[in-house]
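Here is what each chain is made of, one letter per residue.
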Amino acid sequence: MKQERNIITMDEYGKIHFPNNSDNILMSTNELIELFGVTYPTLKANIKAIYKNGILNEYEAQKCIKLSNGNNIDVYSPPFIVALSFRLDTLGAYKMREYVINKLTTNPRNDIVFMNVRTRECMNENRYRHN
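Peer 1: Quick one: what's the story with the nonpolar core, residue by residue and with numbers?
Peer 2: With 24 residues, the main nonpolar core has Ile 8, Leu 32, Leu 35, Phe 36, Phe 80, Ile 81 and Leu 84 as its most contacted residues. Of all elements in the fold, only helix H1 (29-36), helix H2 (40-52), helix H4 (78-85) and helix H5 (91-105) reach the threshold of two or more residues within this core. Those residues in contact with Leu 84 that sit more than four places away from it in its chain are Leu 32, Phe 36, Leu 43, Asn 46 and Ile 50.

Right under this line is the structure:
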């Protein structure tokens, strides 16, 4: 069975485009290389570093899907794509970080709460009332 998936792209002007249906965003190694503008060895080294440092676990960040031609391909989840963008120093990574930060800081919703993990206090308590 072919798995339908969406990818994140960057246009020639450096603007990041998320698909309208973001429920099934999964990106392959080649798609990540194109988005971030890195080489295969650079991408693989950073993937390995993310797993080694415990930032994300392989089982929550990566899965293997079967293509219509019968081949299998590894694809990566949105949390992994964002984590990768904070490890790389390329225009694509910068634009991805900029997009994510912009989404977090503009039009804030009541259910987004930033916590200090050391002190366990709410960082935006004045802005949001929560119980």
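Don't stop here, the text continues.
Peer 1: Which residues make up H4, and what are the values?
Peer 2: Within the sequence span of H4, burial applies to Phe 80, Ile 81, Ala 83, Leu 84 and Ser 85. Residues of H4 that are buried sit in contact with strand S3 (27-28), H1, H2, helix H3 (58-61), strand S5 (72-76) and H5.

Peer 1: An account of the packing of aromatic side chains is requested, with residue identities and associated values reported.
Peer 2: Applying the stated rule across the entire model yields 2 aromatic pairs. Ring centres of Tyr 51 and Phe 80 lie 5.7 Å apart, and the angle between their planes is 40 degrees; this geometry places the pair in the tilted category. A residue pair is termed long-range when its members are at least 10 positions apart, and Tyr 51 in helix H2 and Phe 80 in helix H4 qualify at 29 residues. Ring centres of Tyr 76 and Phe 80 lie 4.9 Å apart, and the angle between their planes is 25 degrees; this geometry places the pair in the stacked category. For the pair Tyr 76 and Phe 80, a shared accessibility class is recorded, and that class is buried. One aromatic cluster in this structure is built from Tyr 51, Tyr 76 and Phe 80.

Peer 1: Break down the packing of H2 against H4 for me, citing the residues and quoting the values.
Peer 2: One can describe the packing of H2 onto H4 by two numbers: an axis separation of 10 Å at closest approach and a directional angle of 110 degrees. Compared by their axis directions, H2 and H4 come out roughly perpendicular. For the pair H2 and H4, the contacting residues are Leu 43, Asn 46, Ile 47, Ile 50 and Tyr 51 in the first and Phe 80, Ala 83 and Leu 84 in the second. Per-class residue counts for the contact of H2 with H4 are 7 nonpolar, 1 polar and no charged.

Peer 1: Go over the sheet that holds S5, please, and point to the residues and values.
Peer 2: What the 3 strands build is an open sheet, ordered S3-S5-S4; its pairing is antiparallel. The open sheet terminates on both sides in strands that have one partner only, identified here as S3 and strand S4 (62-66). In this structure, S4 lies alongside S5, joined through 5 bridges in antiparallel fashion. Each bridged residue has a counterpart across the sheet, and for Gln 62 the counterpart in S5 is Tyr 76.

Peer 1: Explain the environment of Asp 89 residue by residue, including any values.
Peer 2: As for its placement among the helices and strands, Asp 89 is situated in the loop between H4 and H5. You can call Asp 89 exposed: its relative accessible area is 75%. Put simply, Asp 89 and Val 38 are 51 residues apart on the chain and 9.3 Å apart in space, counted from C-alpha to C-alpha.

Peer 1: An account of the environment of Ala 83 is needed here, citing residue identities and associated values.
Peer 2: Looking at where Ala 83 falls in the secondary structure, it is placed in helix H4. Separated by 22 residues in sequence, Ala 83 and Ala 61 place their C-alpha atoms 10.0 Å apart.

Conventions used here
Residues numbered from 1 in each chain as written. Predicted model: local features only at pLDDT ≥ 70, side-chain atom pairs only at ≥ 80, totals over all residues. Heavy atoms only, no water. Core = buried A, V, L, I, M, F, W, Y, C linked by side-chain atoms within 4.5 Å. Buried < 20%, exposed > 50% of the residue type's maximum accessible area, 1.4 Å probe, protein only. Helix = DSSP H or I, 4+ residues; strand = E, 2+ residues; numbered from the N terminus. Contact = heavy atoms within 4.5 Å. Phe/Tyr/Trp six-rings, centres within 6.5 Å; stacked < 30°, edge-to-face > 60°. Axes fitted to C-alpha atoms, helices over the stretch in contact; angles between N-to-C directions. Parallel < 35°, antiparallel > 145°, perpendicular 65-115°, else oblique. Nonpolar A, V, L, I, M, F, W, Y, C, P; charged D, E, K, R; others polar. Pairing = 2+ DSSP bridges.

Scope: geometric values only; no functional claims are made or implied.
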